[in-house]
Amino acid sequence: MTVPSSSRSRLRAADLVRLGSEGIRSKPLRAVLSALGIAIGVAAMVAVLGISASSQARLNASLAELGTNLLTTTSEPPAVGDPVPLPVNADARLARLPGIETVSSLATLADVHVYRSSLIDPARTGGLLVAAAGPELPGVVAADLASGRWFDPVTAAFPTTVLGATAAERLGITEPGGLVWLGGVNTTVIGILDPVALAPEIDITALVGMPLAYRSLDFSGEPTTLYQRVDDEAIASIRPRIARVIHPDAPSTVAVSRPSDALAAVNAVDDAFTGMLLGLGGIALLVGAIGVANTMVISVIERRREIGLRRALGATRRHIRLQFLTEALVLSALGGGAGAVIGFAVTTLVATINGWPTVLLVAVPIVGVASTLVVGAVAGLYPAVRAARTPPHAALSS
């Protein structure tokens, strides 16, 4: 005879949660160790995505400050033969192009080197360059002075130099006013630049004024790099025209790049590492699920007498299944919640140490905890079914 649904035995939600957490409370150390794998997996996912988002926010803020409308123009190395130099009046040609806001040039002086003093071995250049710089260069490339000042019409004509950040470090110069050996003469350092994000080649360069380069350093007037700020809305249309404006008869000898694209490429590489780390987090989550399943199976084996006694007292197989499934879900939820907290803490710590804006993606821990519940349900399904099959007489035979 079928039992009416109204008279079937029922298990209240509060009792189910209490029963489901009984095994965890009785074996707290084992529960912690079992949940640890899930916590590590969720923490890895939350932290990796949070750190990636914070890094992206830092990059976006930097690009917003530096501007994404800087283009650099150089001579394109040919497959065979020597590169074709940029013309002497290349900057003037670009300045006449509609949409170009400002232009500045940099000319690397191949046969000129800088040393700490005249006593240094000439072969020990330290990988540093010497270049003649236009007066507008700092404004065009968003270069800031760490100390000292930039060239003016007077200092540009005398033996003075402004050092890039790395150049100053390698030469042991910490403040303006010192002397370096440049072009065979003692040259006064009048300024030191901060690192230039959009033109990192300037960091390893000792810069001199154009008048000094013409007069004393055999400068021919041909720039090696042109920096130009372009109207944001005109970048797409101007970029293909730059090479033809500079070298109408050989536009293929001119290379035009966008430094902000390089920074974005670095971020794309970071995204690839993010994907890899997320994969590792998923593996940790899988290992945690196996740990939960193992814990639940052991719990069923250890508690056969309890299960048999409950069956003898009237608990149905459904009640037993729900009890152990709930225990697996509670165990997974504890691991997921702890992992979310740890992930947030790691994200905040890394962002603070690196000076990034802290970006906490709320949706990530929610999805992470939800995934742990799914994992917990799958991991606890077999132990719950096994427990439900325990016969009532197990209470006497155990």
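Rules and cut-offs
- Each chain carries its own residue numbering, running from 1 in the written order of its sequence.
- A pLDDT threshold of at least 70 governs which residues receive local features in this predicted model, and a stricter bar of 80 or more applies before side-chain atom pairs are shown or counted, although totals over entire chains, interfaces and linings include all residues.
- Excluding hydrogens and water, the side-chain figures rest on all heavy atoms present in the structure.
- We count a stretch as a helix when DSSP gives it H or I for four or more residues in a row; a strand needs E for two or more, and each element gets its number in order from the N terminus.
- Classification of residues uses two cut-offs on accessible area relative to the type maximum, computed with a 1.4 Å probe and protein chains only: under 20% is buried, over 50% is exposed, and between them is partly exposed.
- When checking whether two residues touch, look at their non-hydrogen atoms; a contact exists if any pair is within 4.5 Å.
- All accessible areas in this document rest on Shrake-Rupley with a 1.4 Å probe, and a residue is counted as covered only by the protein chains that are shown.
- Only the stretch in contact is used when fitting a helix axis, every axis being a line fitted to C-alpha atoms; angles between N-to-C directions are given from 0 to 180 degrees.
- Roughly parallel means an angle under 35 degrees; roughly antiparallel, over 145; roughly perpendicular, 65 to 115; everything else is oblique.
- Here a crossing is called left-handed whenever its near helix is offset anticlockwise from the far helix by less than a right angle, and right-handed whenever the offset is clockwise.
- Classification convention: Asp, Glu, Lys, Arg as charged; Ala, Val, Leu, Ile, Met, Phe, Trp, Tyr, Cys, Pro as nonpolar; all other residues, Gly among them, as polar.
- What counts as a salt bridge is simple: a side-chain nitrogen of Lys or Arg found within 4 Å of a carboxyl oxygen of Asp or Glu.
- Residues enter patches when their relative accessible area tops 30% and they take part in no salt bridge; the joining distance is 9 Å for like charges and 5 Å for the nonpolar side chains Val, Leu, Ile, Met, Phe, Trp and Tyr.
- The charged-residue count follows a simple rule in which Lys and Arg add positive charge and Asp and Glu add negative charge, with His and chain termini not counted at all.
- For the purpose of locating charges, the reference atoms are NZ of Lys, CZ of Arg, CG of Asp and CD of Glu.
- Here, a strand pair is defined by DSSP locating no fewer than two bridges between the strands.
- Paired rings are identified among Phe, Tyr and Trp, the last through its six-membered ring, by centres lying within 6.5 Å, and are further divided according to the angle between planes into stacked (under 30 degrees), edge-to-face (over 60) and tilted (the rest).

1. Comments concerning the overall build of the protein chain
Right, so step 1: When you go through the protein chain residue by residue, the secondary structure sums to 12 helices and 11 strands.
Right, so step 2: Out of the 398 residues in the protein chain, the part that is buried amounts to 42%.
Right, so step 3: Within the protein chain, contacts between residues separated by at least 24 positions form 80% of all contacts whose residues are at least 6 apart in sequence.
Right, so step 4: Only carbon and sulfur atoms are counted for the fraction: they give 63% of the accessible area of the protein chain, which is about 20000 Å².

2. Structural notes on the packing of helix α10 (residues 317-354) against helix α11 (residues 363-388)
Packed helices, taken two at a time, are described by the angle between their axes plus the distance between the axes.
Right, so step 1: One way to put it is that α10 packs onto α11 with a least axis distance of 7 Å and a crossing angle of 150°. Here α11 runs roughly antiparallel to α10, going by the angle between their axes. For the crossing formed where α10 meets α11, the hand is right-handed.
Right, so step 2: Considering only residue class, the contact of α10 with α11 consists of 17 nonpolar, six polar and two charged.

3. Concerning the pattern of salt bridges
Right, so step 1: Taken as a whole, this structure holds two salt bridges when the rule is applied.
Right, so step 2: One salt bridge connects E302 with R30, and the closest N-O pair in it is separated by 3.1 Å. Within this pair, whereas E302 is found in helix α8 (residues 259-302), its partner R30 is found in helix α2 (residues 28-66), the two being separated by 272 residues in sequence.
Right, so step 3: Of the charged contacts in the structure, one is a salt bridge between D152 and R149, with a shortest N-O distance of 3.0 Å.
Right, so step 4: Residue classification places R149 among the partly exposed residues on the basis of a relative accessible area of 43%.

4. Focus on a positive patch on the surface
Right, so step 1: On the surface, R317, R318, R321 and R389 cluster together into a positively charged patch.
Right, so step 2: With respect to the element layout, R389 can be found in the loop between α11 and α12 (394-397).

5. What about the packing of helix α9 (residues 304-312) against α10?
Right, so step 1: For the pair α9 and α10, interaxial distance at closest approach is 10 Å and the crossing angle is 140°. α10 is crossed by α9, and the crossing has right-handed handedness. The segment α9 lies against α10, with E306, I307, R310 and R311 engaging R317, H319, I320, Q323 and F324.
Right, so step 2: Its residues assigned to classes, the contact of α9 with α10 shows three nonpolar, two polar and four charged.

6. Observations concerning unusual backbone geometry
Trans is the prevailing form of peptide bonds, just as negative phi is the prevailing case for residues other than glycine.
Right, so step 1: With a phi close to 60°, A142 is a non-glycine residue in the positive phi region.
Right, so step 2: Positionally, A142 belongs in the loop between α4 (137-141) and β5 (145-148).
Right, so step 3: Owing to a relative accessible area of 24%, A142 belongs among the partly exposed residues under this scheme.
Right, so step 4: The phi torsion at D218 lies on the positive side, around 55°, for a residue other than glycine.
Right, so step 5: Examined against the element boundaries, D218 turns out to sit in the loop between α6 (210-216) and β10 (225-230).

7. Observations regarding a nonpolar patch on the surface
Right, so step 1: A cluster of nonpolar residues, L29, L33, L36 and I40, forms a patch on the protein surface that exposes about 420 Å² of accessible area.
Right, so step 2: When you line up the elements, L33 lands in helix α2.
Right, so step 3: Look at L33 and you get exposed, because its relative accessible area is 56%.

8. What to know about the pairing of strand β4 (residues 129-133)
Right, so step 1: Among the five residues of β4, four are classified as buried, and the element is accordingly described as predominantly covered.
Right, so step 2: Across three bridges, the pairing between strand β2 (residues 100-108) and β4 is antiparallel. For T108, the partnering residue across the bridge sits in β4 and is A131.
Right, so step 3: Taken together, the five bridges between β4 and strand β9 (residues 205-209) define a ladder with parallel strand orientation. Along β9, the bridge assignment pairs A133 with G209.

9. Describing the packing of aromatic side chains
Right, so step 1: Under the criterion given, the structure shown has two aromatic pairs.
Right, so step 2: Ring centres of W150 and F151 lie 5.0 Å apart, and the angle between their planes is 65°; on these two criteria the pair is classed as edge-to-face.
Right, so step 3: A ring pair is formed by Y214 and F219, whose centres lie 4.8 Å apart and whose planes are at 45°; its orientation type is tilted.
Right, so step 4: Residue classification places Y214 among the partly exposed residues on the basis of a relative accessible area of 45%.

10. Looking at a negative patch on the surface
Right, so step 1: A cluster of acidic side chains, namely E101, D231, D232 and E233, defines a negative patch on the protein surface.
Right, so step 2: Topologically, E101 is positioned in strand β2.

11. Digging into the pairing of strand β7 (residues 179-182)
Right, so step 1: Here β7 shows a clear split, with V180 and L182 buried on one side and none of L179 and W181 buried on the other.
Right, so step 2: In this sheet, β7 lies alongside strand β3 (residues 114-115) in antiparallel orientation, the contact comprising two bridges. Bridged to Y115 within β7 is W181.
Right, so step 3: Examined bridge by bridge, β7 and strand β8 (residues 185-193) share four bridges and lie antiparallel to one another. Across the sheet, the residue bridging to W181 is N186, located in β8.
Right, so step 4: Linkage of β7 to β8, two consecutive antiparallel strands, is achieved through a turn of two residues, within which G183 is found at a positive phi near 65°.

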